[in-house]
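# Structural overview for review
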Amino acid sequence: MTDITIEKADYIIAYYRDLLTLPEMKALRHHVSTLKLEGVDKPGLTRMYLKTGWLTDDPLILNYLGEGYIQFILNCAERILCETPEKIFFNLCLNCGKLARIPQAKQCRFCGEDWH
Ligand SMILES: [Zn+2]
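Before going into details, it helps to say that this report is about the structure given with it. (Residues numbered from 1 in each chain as written. Predicted model: local features only at pLDDT ≥ 70, side-chain atom pairs only at ≥ 80, totals over all residues.)

## A closer look at the packing of helix α1 (residues 6–15) against helix α5 (residues 69–83)
Interhelical geometry of α1 versus α5 gives an angle of 75 degrees and a closest axis separation of 9 Å. Classed by the angle they form, the pair α1 and α5 counts as roughly perpendicular. On α5, the residues that touch Ile 6, Lys 8, Ala 9, Asp 10, Ile 12 and Ile 13 of α1 are Ile 70, Ile 73, Leu 74, Cys 76, Ala 77 and Ile 80. When grouped by side-chain class, the residues that make up the contact of α1 with α5 number ten nonpolar, no polar and two charged. (Axes fitted to C-alpha atoms, helices over the stretch in contact; angles between N-to-C directions. Helix = DSSP H or I, 4+ residues; strand = E, 2+ residues; numbered from the N terminus. Parallel < 35°, antiparallel > 145°, perpendicular 65-115°, else oblique. Contact = placed C-beta atoms within 7 Å. Nonpolar A, V, L, I, M, F, W, Y, C, P; charged D, E, K, R; others polar.)

Written as C-alpha coordinates, this is what we have:
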(Lines give C-alpha, C1' and ligand atoms only; values in the text may rest on other atoms or scores of the structure.)
Protein backbone atom coordinates (compact mmCIF):
# COMPACT_ATOMS: atom_id res chain seq x y z
CA MET A 1 0.00 0.00 0.00
CA THR A 2 1.31 3.42 -0.94
CA ASP A 3 0.18 6.75 0.44
CA ILE A 4 -1.50 7.68 -2.80
CA THR A 5 -3.86 10.64 -2.70
CA ILE A 6 -6.42 11.79 -5.25
CA GLU A 7 -4.13 14.72 -5.97
CA LYS A 8 -1.18 12.44 -6.76
CA ALA A 9 -3.39 10.08 -8.78
CA ASP A 10 -4.67 13.02 -10.86
CA TYR A 11 -1.09 14.16 -11.43
CA ILE A 12 -0.01 10.70 -12.61
CA ILE A 13 -3.01 10.31 -14.93
CA ALA A 14 -2.38 13.78 -16.38
CA TYR A 15 1.40 13.61 -16.87
CA TYR A 16 2.26 9.92 -17.03
CA ARG A 17 -0.65 8.66 -19.09
CA ASP A 18 1.68 6.53 -21.21
CA LEU A 19 2.23 4.31 -18.18
CA LEU A 20 -1.39 3.18 -18.24
CA THR A 21 -2.06 -0.31 -19.55
CA LEU A 22 -4.19 -0.66 -22.66
CA PRO A 23 -7.33 -1.70 -20.71
CA GLU A 24 -6.79 1.20 -18.27
CA MET A 25 -6.46 3.56 -21.23
CA LYS A 26 -9.70 2.23 -22.71
CA ALA A 27 -11.50 2.64 -19.39
CA LEU A 28 -10.22 6.22 -19.08
CA ARG A 29 -11.34 7.01 -22.63
CA HIS A 30 -14.74 5.51 -21.89
CA HIS A 31 -15.09 7.65 -18.78
CA VAL A 32 -14.13 10.85 -20.61
CA SER A 33 -16.51 10.06 -23.48
CA THR A 34 -19.32 9.32 -21.04
CA LEU A 35 -18.85 12.77 -19.54
CA LYS A 36 -18.87 14.33 -23.00
CA LEU A 37 -22.09 12.60 -23.95
CA GLU A 38 -23.83 13.41 -20.69
CA GLY A 39 -27.16 15.06 -21.37
CA VAL A 40 -26.71 14.66 -25.14
CA ASP A 41 -29.64 12.82 -26.61
CA LYS A 42 -28.10 11.53 -29.82
CA PRO A 43 -28.19 7.74 -30.12
CA GLY A 44 -26.28 7.99 -33.39
CA LEU A 45 -23.40 9.72 -31.66
CA THR A 46 -23.28 7.08 -28.94
CA ARG A 47 -23.22 4.37 -31.61
CA MET A 48 -20.39 6.17 -33.37
CA TYR A 49 -18.42 6.44 -30.12
CA LEU A 50 -18.91 2.72 -29.53
CA LYS A 51 -17.78 1.92 -33.05
CA THR A 52 -14.60 4.00 -32.81
CA GLY A 53 -13.75 2.67 -29.35
CA TRP A 54 -14.29 5.96 -27.51
CA LEU A 55 -16.98 4.14 -25.60
CA THR A 56 -16.88 0.47 -24.78
CA ASP A 57 -19.41 -2.15 -23.79
CA ASP A 58 -16.69 -4.64 -22.86
CA PRO A 59 -17.52 -5.78 -19.31
CA LEU A 60 -13.83 -6.33 -18.56
CA ILE A 61 -13.08 -2.68 -19.29
CA LEU A 62 -16.23 -1.39 -17.60
CA ASN A 63 -15.25 -3.36 -14.54
CA TYR A 64 -12.28 -1.01 -14.08
CA LEU A 65 -14.78 1.79 -13.49
CA GLY A 66 -17.06 -0.35 -11.34
CA GLU A 67 -16.19 1.50 -8.14
CA GLY A 68 -16.24 4.91 -9.76
CA TYR A 69 -13.70 7.11 -11.47
CA ILE A 70 -11.86 8.21 -8.33
CA GLN A 71 -11.24 4.66 -7.21
CA PHE A 72 -10.19 3.81 -10.76
CA ILE A 73 -7.46 6.46 -10.93
CA LEU A 74 -6.32 5.61 -7.41
CA ASN A 75 -5.93 1.98 -8.49
CA CYS A 76 -4.05 2.97 -11.66
CA ALA A 77 -1.73 5.30 -9.76
CA GLU A 78 -1.05 2.70 -7.11
CA ARG A 79 -0.21 0.06 -9.71
CA ILE A 80 2.10 2.45 -11.58
CA LEU A 81 3.87 3.50 -8.38
CA CYS A 82 4.27 -0.12 -7.40
CA GLU A 83 5.57 -1.34 -10.76
CA THR A 84 7.60 1.62 -12.03
CA PRO A 85 8.21 4.06 -9.15
CA GLU A 86 11.40 5.30 -10.86
CA LYS A 87 9.36 6.75 -13.73
CA ILE A 88 7.30 9.08 -11.56
CA PHE A 89 8.73 12.38 -10.46
CA PHE A 90 6.60 14.05 -7.82
CA ASN A 91 7.50 17.70 -8.06
CA LEU A 92 7.24 18.53 -4.38
CA CYS A 93 7.78 22.00 -2.99
CA LEU A 94 11.01 22.22 -1.00
CA ASN A 95 9.37 24.61 1.42
CA CYS A 96 5.94 23.15 2.21
CA GLY A 97 6.25 19.69 0.66
CA LYS A 98 3.06 19.96 -1.37
CA LEU A 99 2.71 18.73 -4.94
CA ALA A 100 3.26 21.29 -7.70
CA ARG A 101 0.70 21.61 -10.47
CA ILE A 102 2.95 20.07 -13.16
CA PRO A 103 6.28 18.17 -13.19
CA GLN A 104 8.05 21.19 -14.74
CA ALA A 105 6.69 23.77 -12.31
CA LYS A 106 9.23 25.93 -10.52
CA GLN A 107 6.90 27.71 -8.22
CA CYS A 108 4.61 26.40 -5.50
CA ARG A 109 0.92 27.13 -5.93
CA PHE A 110 0.36 26.79 -2.21
CA CYS A 111 3.08 28.79 -0.48
CA GLY A 112 4.57 30.71 -3.42
CA GLU A 113 8.07 29.22 -2.97
CA ASP A 114 10.14 29.80 -6.11
CA TRP A 115 12.94 27.42 -7.19
CA HIS A 116 13.88 28.95 -10.56
ZN1 LIG B 1 5.12 25.28 -1.14
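So, next bit.
## A look at the nonpolar core
Ala 9, Ile 12, Ile 73, Cys 76 and Ala 77 are the most contacted members of the largest nonpolar core, which has 14 residues in total. Elements with a contribution of two residues or more to this core: α1, α2 (22–37) and α5. Per-element tally for this core: the top contributor is α5, with seven residues. The contacts of Ile 12, once residues within four sequence positions are left out, are Ala 77, Ile 80 and Ile 88. (Core = buried A, V, L, I, M, F, W, Y, C linked by C-beta atoms within 7 Å. Buried ≥ 20, exposed ≤ 12 C-beta atoms within 10 Å, placed from the backbone.)

Keep in mind that these numbers describe shape and distance, not what the molecule does.
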